[in-house]
Amino acid sequence: MRRFSLWMKAHPAFGDSLIAGILLIFDMGFGVAGIDRGVSFSAFLAVTLLMVGPVPFRRYHPLGTSYLILGGAFLQLFTHGGSDGIPVRMSDFALAIALYTLVAYTNRKTALIYSGWLLAGTLLWAIFQVGEIQAVFLVFFVFMIFGFSWAMGEFIGARRAYQREMEQRLLLLETERDQQAKIAVGEERSRIARELHDVVAHAVSVMIVHADGAAYTIRSQPEVAENAVRTIADTGRLALTEMRRLLGVLRSEDAETQWAPQPDARGVVELAENTRAAGVPVRLEINGDVDDLPVGVGLSIYRIVQEALTNIIKHAGAGTTALVRLARTPEELRLEVIDNGFGTPHDVVKVSGGNGLIGMRERAAVLGGEFEAGPNPGGGWRVRATFPLAA
């Protein structure tokens, strides 16, 4: 039954055709009585076609079909509406159907104009029926039918308007959901790209420095070259592990992803050791306990130090020394990376495209912190970041 109801809703002309067929069948009996009273068969047929024929198309062309039905009613009035004609035909109910259609599918102004024509026609019909005792009762009955049709049209029209509003809201919600999903995907891709940049840039820079050193010392100092090659292998394995962890989120849901722990502030010690092994002396100062930092703060500290030391290796030049300072207070954590090289902001932006500095700034901003990078007053380059720790 529900399937049939949905099919009827999808094909409204079928139901309207059934209504027109019922009106036509019952109207035939009135037609025989009218012909017996002297009504022309051609006039009867014309009225029937005008009043019943447009009913199946009323939803597609409500205004045109309603006035065709009204024209058939006036033709009936002037051809066989006298005292010797037919007082009421079954096809007259098409007028009520037309009024309902205009109220439900157009607007009140159009329906009021149509109601005015119905009122005029009803009054003319009542005049033609003078002498009939039941004329007053018939007029009252007709007005009751028209009033009921208007009320039903208002009710159905309100339901249709409410349904349209709900459909629009659902469509808007689906659009917003899709947009939010796209934004979330874009943010996730940016995060993965930033993580990959930090991992690859640092690892490749260290590997290049050690590879160059191994090439210079492979004949004169084989032991030094061997240590450099071993460092390259260890750095490559570490970078590969982190890349697998990051790219694991891009795998299908059915695949089993192997997760590794996120680095934190404690990994800064290892970063300093790797940078020293790359030929850049690094002094590490840690004031306060950094072992129990929030996960986001610890990861951001690690990545900022990693990017800053990578930039020192690539841009600071020979003879550069660096200082990494972490200072924790109850309210905030301050990070500072300083070098005495000859790198400039222009050099960093030109060589790396500025992505590293943008990533560091974004990491600090996401956690409500502050970030600045620029030339050190005493020479070299300075990176500073502050992260709030208070609740």
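Keep in mind the model is a prediction, meaning the values are calculated, not measured.

1. Description of the overall build of the protein
So, point 1. From N to C terminus, the protein includes 12 helices and 5 strands.
So, point 2. Residues counted as buried form 39% of the 391 residues belonging to the protein.
So, point 3. The long-range fraction of contacts in the protein, counting pairs at least 24 apart against all pairs at least 6 apart in sequence, stands at 71%.
So, point 4. When the accessible area of the protein is evaluated, it comes to approximately 22600 Å², of which 63% is carbon and sulfur surface.

2. Here we look at the packing of aromatic side chains
So, point 1. In total, this model carries 2 aromatic pairs according to the counting rule given.
So, point 2. Geometrically, the ring pair formed by Tyr67 and Tyr114 is edge-to-face, given 5.3 Å between the ring centres and 90° between the ring planes. On the criterion of sequence distance, the pair formed by Tyr67 in helix H4 (residues 62-80) and Tyr114 in helix H6 (residues 108-128) is long-range, its members being 47 residues apart.
So, point 3. Classification of Tyr114 by relative accessible area gives buried; the value is 0%.

3. What about the pairing of strand S4 (residues 370-375)?
So, point 1. As paired strands, S4 and strand S5 (residues 381-388) are joined by 6 bridges and run antiparallel to one another. Note on S5: the bridge partner recorded for Phe371 is Ala385.

4. Here's the deal with the pattern of salt bridges
Side chains bearing opposite charge may pair, as long as their charged atoms lie close to each other.
So, point 1. For the structure shown, the criterion picks out 13 salt bridges.
So, point 2. When the shortest N-O distance is used, the salt bridge between Arg108 and Glu154 registers 2.9 Å. Highlighted residues: Arg108 in helix H6 and Glu154 in helix H7 (residues 135-217), separated in sequence by 46 residues.
So, point 3. Note that Arg325 and Glu336 form a salt bridge whose closest N and O atoms lie 2.5 Å from each other. Placement of the pair is Arg325 in strand S2 (residues 322-328) and Glu336 in strand S3 (residues 332-339), with a sequence separation of 11 residues.
So, point 4. You can call Glu336 buried: its relative accessible area is 13%.
So, point 5. Taken together, the shared-partner salt bridges connect Arg283, Glu285, Arg325, Glu336 and Arg384 into one network.

5. Remarks on the environment of Ala203
So, point 1. With respect to the helices and strands, Ala203 occurs in helix H7.
So, point 2. Exposure remark for Ala203: the relative accessible area of 5% places this residue in the buried category.
So, point 3. Between the alpha carbons of Ala203 and Thr310 there is a distance of 8.4 Å; along the sequence they are 107 residues apart.
So, point 4. Once residues within four sequence positions are removed from consideration, Ala203 is found in contact with Thr235 and Ala239.

6. Quick word on the sheet that holds S4
So, point 1. Across the sheet, 5 strands lie side by side as S1-S2-S3-S5-S4; this open sheet has mixed pairing. On the outer flanks of this sheet lie strand S1 (282-287) and S4, each paired with one strand and no other. This sheet shows a mean twist of 5° between the axes of neighbouring strands, independent of strand direction.
So, point 2. Here helix H9 (residues 268-277) sits on the sheet and contacts S1 and S2; the angle it forms with S1, its principal contact strand, is near 165°.
So, point 3. The sheet strands contacting helix H10 (residues 295-315) are S1, S2, S3 and S5, and the helix crosses S3 at an angle near 10°.

7. Observations regarding the nonpolar core
So, point 1. Counting residues in hydrophobic clusters, the biggest one holds 35 residues, and the most contacted among them are Ile301, Val305, Leu309, Val324, Leu335, Val337 and Val383.
So, point 2. Counting residues per element, the ones that place at least two in this core are H9, H10, S2, S3, helix H12 (355-366) and S5.
So, point 3. If you tally residues by element for this core, the top one is H10, at 9 residues.
So, point 4. Once residues lying within four places of it in the same chain are set aside, the contact partners of Val324 are Val268, Val282, Arg283, Leu284, Glu285, Val305, Leu309, Leu335, Glu336 and Val337.

8. Focus on the packing of H9 against H10
So, point 1. Relative to each other, H9 and H10 sit at 10°, their axes nearing to 10 Å. Considered as vectors, H9 and H10 are oriented roughly parallel to each other. Counted together, Val268, Leu271, Ala272 and Thr275 of H9 and Ile301, Tyr302, Val305, Gln306, Leu309 and Ile313 of H10 form the full contact between these two elements.
So, point 2. Looking at the contact of H9 with H10, its residues break down into 8 nonpolar, 2 polar and no charged.

9. Section: the layout of surface pockets
In this approach, a probe sized like a water molecule rolls over the atoms, and the result shows the empty space that is left.
So, point 1. By volume, the largest pocket amounts to about 630 Å³.
So, point 2. Every element with two or more residues in the lining of the largest pocket is listed here: helix H1 (2-10), helix H2 (12-36), helix H5 (93-105) and H7.
So, point 3. Top element by residues in the lining of the largest pocket is H7. It accounts for 7 residues.
So, point 4. Residues belonging to the lining of the largest pocket are distributed by class as follows: 7 nonpolar, 3 polar and 8 charged.

10. Some thoughts on the confidence of the model for the protein
So, point 1. A residue-level look at the protein finds 80% of positions with pLDDT of 70 or above and a mean pLDDT of 79.
So, point 2. Low pLDDT, under 50, characterises residues 344-353; the predicted model gives this stretch 12 contacts beyond four residues in sequence or across chains.

11. Focus on the environment of Gly64
So, point 1. In this fold, Gly64 is placed in helix H4.
So, point 2. Gly64 sits 10 residues away from Pro54 along the chain, and the two C-alpha atoms are 8.6 Å apart.

What counts, and where the lines are drawn
- Residues numbered from 1 in each chain as written.
- Predicted model: local features only at pLDDT ≥ 70, side-chain atom pairs only at ≥ 80, totals over all residues.
- Heavy atoms only, no water.
- Helix = DSSP H or I, 4+ residues; strand = E, 2+ residues; numbered from the N terminus.
- Buried < 20%, exposed > 50% of the residue type's maximum accessible area, 1.4 Å probe, protein only.
- Contact = heavy atoms within 4.5 Å.
- Areas by Shrake-Rupley, 256 points an atom, 1.4 Å probe, with all protein chains shown as cover.
- Phe/Tyr/Trp six-rings, centres within 6.5 Å; stacked < 30°, edge-to-face > 60°.
- Pairing = 2+ DSSP bridges.
- Salt bridge = Lys/Arg side-chain N within 4 Å of Asp/Glu carboxyl O.
- Axes fitted to C-alpha atoms, helices over the stretch in contact; angles between N-to-C directions.
- Core = buried A, V, L, I, M, F, W, Y, C linked by side-chain atoms within 4.5 Å.
- Parallel < 35°, antiparallel > 145°, perpendicular 65-115°, else oblique.
- Nonpolar A, V, L, I, M, F, W, Y, C, P; charged D, E, K, R; others polar.
- 1 Å grid on protein atoms, 1.4 Å probe; cavity = no way out; pocket = protein on both sides within 12 Å on 5 of 7 lines; lining within 4 Å.
- Points joined across faces, edges and corners; volume = space filled by probe spheres on them.
- pLDDT = per-residue confidence, 0-100.

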